[in-house]
Each structure stands twice: as structure tokens, then as C-alpha cells.
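This is what each chain is made of:
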Amino acid sequence: MSVSWESINEGDSIPELKKTPGVTQLVKYAAGSGDFNPLHHDFNFFQSKAIGSIIVHGRFKYATLGETVSNWLGHSGQIRKISCQYRGMDIPDKEIACKGTIKRKWEENGEKLVELSVWTENEEGKSTTPGAVIVVL
Amino acid sequence: MAENFEITDEMKSKIGWESGPWVCEVTSTSVRAFARGVGYTDPVYYDEEAAKKAGYRNIPAPPTYLGTPIFIPGQSDDTFSFPPGSMVDINHGLPNLLDGGTETEYFDTICAGDNLTCVTKLADLFTKESKGTGTMLITATEATFTNQDGKVVAIQRSQGIFY
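**What to know about the overall build of chain B**
1) Next: When helices and strands are counted, chain B shows three helices and six strands.
2) Next: Each helix and strand of chain B, placed in order from N terminus to C terminus, yields the pattern α-β-α-α-β-β-β-β-β.
3) Next: Here chain B, with 163 residues, has 30% of them falling under the buried criterion.
4) Next: Intrachain contacts of chain B at a sequence separation of at least 6 include 69% that bridge at least 24 residues.

Written as C-alpha cells, this is what we have:
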């Protein structure tokens, strides 16, 4: 799948990506990223105990927002900028929906640019990781 | 949790601190490990042939992946894998850490085979109040990634929350 400039309209949604990361997925992410903070795999870690659970890496959610945009682009463009804020904790084995909408589409210095609002939503429909992405097609 | 945490002059003096350069490796195996960690099913992030067919010179680094630090036991940080001297040492005494936010700006494509040199800078320090956790220290860092050809390929701005 790839996306064409003509087919993009402000206000459109991009295909949603749903994930239910369990502990095993978080362990894989720890190994892949090099982030072995026990808050993301050890229920006996003092901070996990205080929170009541281990939590999903903020950067796992950041990466899944990247994956959502990458899946939409289908390698027909590149990400120029991707950002997010970790506003709410997510715990393992709960569904996370990664979403995005087209905020702006414009041309600048001969480049075709698109800005998206992206976020992850928990099972209660609350946005826990709001972010923004700029892509060049 | 800190009721009366304050940023001291000594902590403030660390703003502007810069690390020495350190290497983040982007290899086929490290890209695959990251892609697998996120849960990608797109073959472009696993298979060299699929990557070349999609127009890349090699397996591309998925969005937000800027390589893996080289781990040396006894030297590198055992938790975050960073080499010595790559993280600013602020004597704040706050035991809890959370991630606040991340922004990555790209200036070129990063692919397996690239060797990125990173320099981290402490851009700012400030506090935030939280009902649950008291006064929190926020560290704003900026990491610049330069590839083997001397080109800045990415800048990553991050916020750490200590409480």
C-alpha cells in the first residue's frame, strides 16, 4: 500500500493500528531498544509496586505511532518530524489504538508536506500519547 | 516523591552540558530487533531485498529508532545501555523516573550499516507540580546524531521526569 498526494484530504483519518502489548512484547521492545528499565518488565521493582503494575514504555507507544504512519505511507514518503507526549500510563494486556488524522497539507520550497495529529487511545477512549507528525511525500 | 524539591544553583549550572561523542550502531540485526520489539509486520524492516525494492539502500531504521548504543559491561549503563559520560549527572536525589515526551526531527534516511555518532546536551531544567507526586524535576535534553559521512541525520529532543 502507498499513499498519493492527490488522495490526501485535511480531516481524513489514516488507518488505525490496534495492539495489545503483553509482557513478552515489552521484553522484545526492551531488547530492541536497549531500554531495560525494570518499570517495564519487573512487577517487583519499587516503582512498579508503587504504581500497581509495570507500564508500557512511553517510547513503545511513540514507536507504534511511527508504525501507524509508516503503514499508511507505505514507503511513498518520509517522516520529517515525529513527536509525542506521555500523558497517561498504559499497562500490559490492554488494547491500545493508534490513530491519526490529516491536519494540514501544503507545498513549500517544491516539497509536498502533510501534518498529522496522532495519538494512542486506551480502552476507555482516553488519549494517553498525543503527538504530531510531519511527512514529506 | 518530593514535597519541597528545588533546583539548586549547582543543578542549574549543568544546563548547557554536552556529552562527548558516542556511537549508536544501526545494523541489520539491530533494526530487525527494534522492528520486532514494536511489532512491525512490514517486510521492509526485516528483509534486505524488500527494502531495496521499496527504494532504500539497505533495511531502513523504523521511525523513532536511532540505533543501539554499544554495550560494554562494567562501563555502559546497565539499565539504559548508554556509554559512560553520555548522560548528564544531576545530583537531584529523586528515585523515580518517567518519560515525559520525545520529538525526533529527521534530515536524512537512516539505514542498516550506518554508524551514528551522538552528542547529548542538557537543554533545560525546570520543575512541574503534580497532585500525585509532588514537585517533579523535568530534564530537557537534545541529542544530535551524525552519520559516517559527517551529516546530521536526526535531532532528538526528550523530556525526563524525576520525582
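**Notes on the pairing of strand β6 (residues 152-162) of chain B**
Residue and element names in this part refer to chain B.
1) Next: The sheet contact formed by strand β3 (residues 97-106) and β6 spans nine bridges and is antiparallel. Paired with Y106 across the two strands is A154, which belongs to β6.
2) Next: Between the antiparallel neighbours strand β5 (residues 134-146) and β6 lie five residues, among them G150 with a positive phi of about 85°.

**Some details on unusual backbone geometry**
1) Next: Non-glycine residue N109 of chain A carries a positive phi angle of around 50°.
2) Next: Along the chain, N109 of chain A falls in the loop between β3 (96-108) and β4 (111-121).
3) Next: Since 5 C-beta atoms lie within 10 Å of it, N109 of chain A is described here as exposed.
4) Next: A positive phi angle, close to 75°, is found at S81 of chain B, a residue other than glycine.
5) Next: Mapped onto the elements, S81 of chain B comes out in the loop between β2 (68-69) and β3.

**Structural notes on the nonpolar core**
Nonpolar side chains in soluble globular proteins generally cluster together in the buried interior.
1) Next: V69 of chain A together with V31, L66 and F145 of chain B are the most contacted members of the largest nonpolar core, which totals 49 residues.
2) Next: Broken down by element, the residue count for this core peaks at seven residues, all from helix α3 (residues 58-73) of chain A.
3) Next: There are two domains that each give this core at least three residues, and those are domain 1 (9-26 + 66-162) and domain 2 (28-61) of chain B.
4) Next: With near-sequence residues (within four places) excluded, V69 of chain A lies in contact with I79, G100, L116, V118, V133 and V135 of chain A together with P63 of chain B.
5) Next: The next biggest cluster of nonpolar side chains, apart from the first, holds five residues, and it includes M136, I161, F162 and Y163 of chain B.

**Quick look at helix α1 (residues 23-33) of chain A**
1) Next: Buried within α1 of chain A we find L26, Y29, G32 and S33 of chain A. Angular distribution of buried residues about the axis of α1 of chain A spans 120°; they occupy a single face of the element.
2) Next: Close packing links the buried residues of α1 of chain A with α3 of chain A together with α2 (28-38) of chain B.
3) Next: After α1 of chain A finishes, the residue G34 of chain A shows a positive phi value of roughly 85°.

Definitions and limits used
Each residue is numbered by its place in its chain's sequence as written, counting from 1. For naming, the first written chain is A and the first written ligand is 1, with later ones following in the order written. The predicted origin of the model limits local features to residues at a pLDDT of at least 70 and limits the giving and counting of side-chain atom pairs to 80 or more, whereas totals for whole chains, interfaces and linings rest on all residues. Labels follow the DSSP assignment, with helices taken as runs of H or I lasting at least four residues and strands as runs of E lasting at least two, numbered in each case from the N terminus. Our exposure labels follow a C-beta count within 10 Å of each residue's own C-beta, placed from the backbone: buried means 20 or more other C-beta atoms, exposed means 12 or fewer, and partly exposed covers the counts in between. Contacts are defined on C-beta atoms placed from the backbone: any two residues whose C-beta positions lie within 7 Å are in contact. For two strands to be treated as a pair, DSSP must find at least two bridges joining them. We call a set of buried Ala, Val, Leu, Ile, Met, Phe, Trp, Tyr and Cys residues a nonpolar core when their C-beta atoms link them within 7 Å. Domain ranges listed in this record stem from an automatic or a database domain assignment. Within this analysis, the arc is defined by the directions that extend from the helix axis to the C-beta atoms.

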